[in-house]
Amino acid sequence: MRVTVVIVTYANRFKFLDQTVQGCLEEGVEKIIVINNKSSKESSAKITKLSRRYSEKILVQNLDVNTGSAGGFNLGIQKSIKDQDCEFVWLLDDDNMPKNNSLIELKKAWVRLGCRSKKDCLLSYRPVKENIGYKEAILTNNPDLVLGRNNSFLGFHLLDLFSKIKRKIRPSKRFETNEGLVTVAPYGGFFFHKDILQEIGLPNKDFFVYGDDHEWTYRIKKLKGRIFLILNSIIMDTDVSWNVKSNYQTNFDTLLSSSMDKVFYSTRNRMIFELDNIVDKNRIIYLINIISFLIIITCMSIMKNNFKNIKIFIKAINKGLNKSFHDV
C-alpha cells in the first residue's frame, strides 16, 4: 500500500509544516507533495532547503498566488495521481502531525473494513475536531451529525433547540467503537485510493477556501460510498484554526469576531453546499432558519455593540442564495 501525502501550506507556517513532514517520514510514506501557496519569502526558503534535504521523498510546487485550500489540494492531488508509484493519497494540513502508527492503523482498517478503491475512504482522527462532532457521530451511530439536519443554515436549525433539551433529559445511546461512518470529512487526515477520483473528481477551485472539503467529500455519499473515521489513527493539530477554537456552525460570537474574509467565504460556500445537498426544494424551512439566525446575530450585535461583520454576512447570504462565486 504505497502512500503519497499531499500538504498545502501558506504564509509563514514553516514551523508547523516541518513537524508534519517529519511525522510523515517517520510513518514511512513513499512521497510527500508540498503545495506552497505563496508562502512568505522566509518560509519558502526553508521549504526549499527541506526539499533538498529529502530530495528523493519531497516534491515542492511553488505558486505565485494563493489559490486557497481548494486550489492547493486540487493541484496537489493531480500531481500525486500522475506519479506511477502512488497508490493511496493521504491529505494533511500543514499543521497536522501524525502520531506514531497513525498510517499503519489506516492501512489495517482499509483491509479490515473491506474498503473498495472506487467507493470508500478513511479519515484519521483529530482530537481538536471533537467539538464539531466527528467522534460523537460514530459513538452515536449518526453519520450526519457533522453536517446538521436537513434545511439547517450554517448548522443552525430551530428544531435543534428542542433536541438539545431532549438530549439533556434523555442522552443519545452511545456505542463502544474505534471506527464508524461520517458523511463528510475535512482535508486533514483524509485517506483514499486514487481510483476514487475517477468517480468524484477533484475539489472545486471556485470555493477557494472554507467548505470546499465538505462539498468534495460529500460526493462520496452521492456515490453511495463510505467514509470511515478511524479513532486509532491519530493526528495532532500543532496550530488551532479559527473555526475549531469554537464550533463556528452554531457559535455566534465566532461569527462576530472573525475577519470579514473568513465570514464571507465560510458563509457563502456553506450556503452553496447546503442548497445543493441538504435543502428541500421549497426552501421554506431553510429560509425560516436563515431569518431566525439573522435575528439572533443582530440582537447579539446590539448587545455587544459590534456590527463590523453584519454587512458582509448579509452580502454573503445574498451571494449564497444566488450561488454566486464572485468574491467580496
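Cut-offs applied
- Residues numbered from 1 in each chain as written.
- Predicted model: local features only at pLDDT ≥ 70, side-chain atom pairs only at ≥ 80, totals over all residues.
- Heavy atoms only, no water.
- Helix = DSSP H or I, 4+ residues; strand = E, 2+ residues; numbered from the N terminus.
- Rg over C-alpha atoms; globule rule 2.2 N^0.38 Å.
- Contact = heavy atoms within 4.5 Å.
- Areas by Shrake-Rupley, 256 points an atom, 1.4 Å probe, with all protein chains shown as cover.
- Core = buried A, V, L, I, M, F, W, Y, C linked by side-chain atoms within 4.5 Å.
- Buried < 20%, exposed > 50% of the residue type's maximum accessible area, 1.4 Å probe, protein only.
- Phe/Tyr/Trp six-rings, centres within 6.5 Å; stacked < 30°, edge-to-face > 60°.
- Axes fitted to C-alpha atoms, helices over the stretch in contact; angles between N-to-C directions.
- Parallel < 35°, antiparallel > 145°, perpendicular 65-115°, else oblique.
- Left-handed = near helix turned anticlockwise from the far one by under 90°.
- Nonpolar A, V, L, I, M, F, W, Y, C, P; charged D, E, K, R; others polar.
- Patch = residues over 30% accessible without salt bridge, like charges linked within 9 Å, V, L, I, M, F, W, Y side chains within 5 Å.
- Salt bridge = Lys/Arg side-chain N within 4 Å of Asp/Glu carboxyl O.
- Expected span 1.5 Å × (residues − 1).
- pLDDT = per-residue confidence, 0-100.

Colleague: When you look at the overall build of the protein in this model, what are you seeing that I'm missing?
Modeller: Along the backbone of the protein there are 13 helices and nine strands. On C-alpha atoms alone, the protein measures out to a radius of gyration of 20 Å, which is about the 20 Å that the 2.2 N^0.38 rule sets for 328 residues. Here the C-alpha coordinates of the protein stretch approximately 55 × 45 × 30 Å along the principal axes. When contacts within the protein are restricted to residue pairs at least 6 apart in sequence, those whose partners lie at least 24 apart make up 83%. About 15700 Å² of surface is accessible on the protein, with carbon and sulfur atoms providing 52% of the total.

Colleague: Explain the nonpolar core to me, please; I cannot follow it from the model alone.
Modeller: Looking at soluble globular proteins, one finds that nonpolar side chains tend to be buried together. Within the largest apolar cluster, 62 residues are counted, with the highest numbers of intra-cluster contacts made by Leu-91, Phe-153, Phe-190, Phe-192, Trp-216, Phe-293 and Phe-313. Excluding residues within four positions of it along the chain, Phe-313 makes contact with Phe-153, Leu-154, Leu-255, Val-263, Thr-267, Phe-293, Leu-294 and Ile-297. Ranked by size, the runner-up nonpolar core spans 28 residues in total, among them Val-21, Ile-47, Leu-92 and Leu-122.

Colleague: Which parts of the structure should I look at to understand the packing of aromatic side chains?
Modeller: In this description, a pair of aromatic rings is defined by centroid distance and the angle of the planes. The full count for this structure, using the stated rule, is 17 aromatic pairs. Judged by centre distance (6.1 Å) and plane angle (40°), the rings of Tyr-187 and Trp-216 are tilted. Linking Tyr-187 in the loop between β7 (179-181) and β8 (190-193) with Trp-216 in helix α8 (residues 212-222), this pair joins segments that are 29 residues apart in sequence. Just as Tyr-187 is buried, Trp-216 falls in that class too. Consider the rings of Phe-190 and Trp-216, whose centres lie 5.5 Å apart with planes at 70°: the pair is edge-to-face. Taken together, the residues span a long stretch of sequence, with Phe-190 in strand β8 and Trp-216 in helix α8 at a distance of 26 residues. For Phe-190, a relative accessible area of 0% gives the class buried.

Colleague: Would you explain the packing of helix α11 (residues 260-277) against helix α13 (residues 310-321) in this entry?
Modeller: When two helices pack together, their arrangement is captured by the angle between the axes and the distance separating the axes. α13 packs onto α11 with a crossing angle of 25° between their chain directions and a minimal axis gap of 8 Å. Judged on the interaxial angle alone, α13 and α11 are roughly parallel. Like other packed secondary-structure pairs, α11 and α13 cross with a definite hand, here right-handed. Contact with α11, carried on its side by Met-260, Val-263, Phe-264, Thr-267, Arg-268, Met-271, Ile-272 and Leu-275, involves Ile-312, Phe-313, Lys-315, Ala-316, Ile-317, Lys-319, Gly-320 and Leu-321 of α13 and no other residues of that element. Classifying every residue of the contact of α11 with α13 by side-chain character gives eleven nonpolar, two polar and three charged.

Colleague: Honestly, a nonpolar patch on the surface in this entry has me stumped. Any pointers?
Modeller: A contiguous nonpolar patch, built from Leu-159, Leu-161 and Phe-162 and spanning about 310 Å² of accessible area, is present on the exposed surface. Mapped onto the fold, Leu-159 is located in helix α6 (residues 158-169).

Colleague: Would you mind going over α11 with me for this structure?
Modeller: Because the α-helix completes a turn every 3.6 residues, residues three or four places apart line up on one side. Spanning 18 residues, α11 covers 26 Å between terminal C-alpha atoms, matching the ideal 26 Å at 1.5 Å per step. Counting buried positions along α11 yields 14 of 18 residues, so the element is predominantly enclosed.

Colleague: Just to check I follow, could you spell out the confidence of the model for the protein for this structure?
Modeller: In low-pLDDT segments, the atomic positions of the prediction should not be examined closely. With 93% of its residues at a pLDDT of 70 or more, the protein has an overall mean of 92. In this model residues 245-250 is a low-confidence stretch, pLDDT under 50, and it forms 21 contacts with partners more than four residues away in sequence or in other chains.

Colleague: Looking at this model, I keep getting lost on the pattern of salt bridges. Mind explaining?
Modeller: When their charged atoms lie close together, side chains carrying opposite charge are able to pair. Using the criterion set out here, one finds 16 salt bridges in the structure. Note that Asp-120 is salt-bridged to Arg-226, the shortest N-O span being 2.8 Å. You can see Asp-120 sitting in strand β6 (residues 120-125) and its partner Arg-226 sitting in strand β9 (residues 226-237), a full 106 residues away along the chain. Residue Asp-120 is classed as buried on the basis of its relative accessible area of 0%. Across the pair Lys-221 and Asp-144 runs a salt bridge, and its minimum N-O distance is 3.5 Å. Remark: Asp-144 occurs in the loop between α5 (134-139) and α6 and Lys-221 occurs in helix α8; sequence separation between them is 77 residues. Exposure remark for Lys-221: the relative accessible area of 37% places this residue in the partly exposed category. Its relative accessible area of 33% is what places Asp-144 among the partly exposed residues. A network of salt bridges, in which partner residues are shared, links Arg-13, Asp-94, Asp-95 and Asp-239.

Colleague: I keep staring at the environment of Leu-154 and nothing clicks. Help me out?
Modeller: Inspection of the secondary structure puts Leu-154 in the loop between α5 and α6. When the C-alpha atoms of Leu-154 and Asn-269 are compared, they prove to be 9.9 Å apart, with 115 residues separating the residues in sequence.

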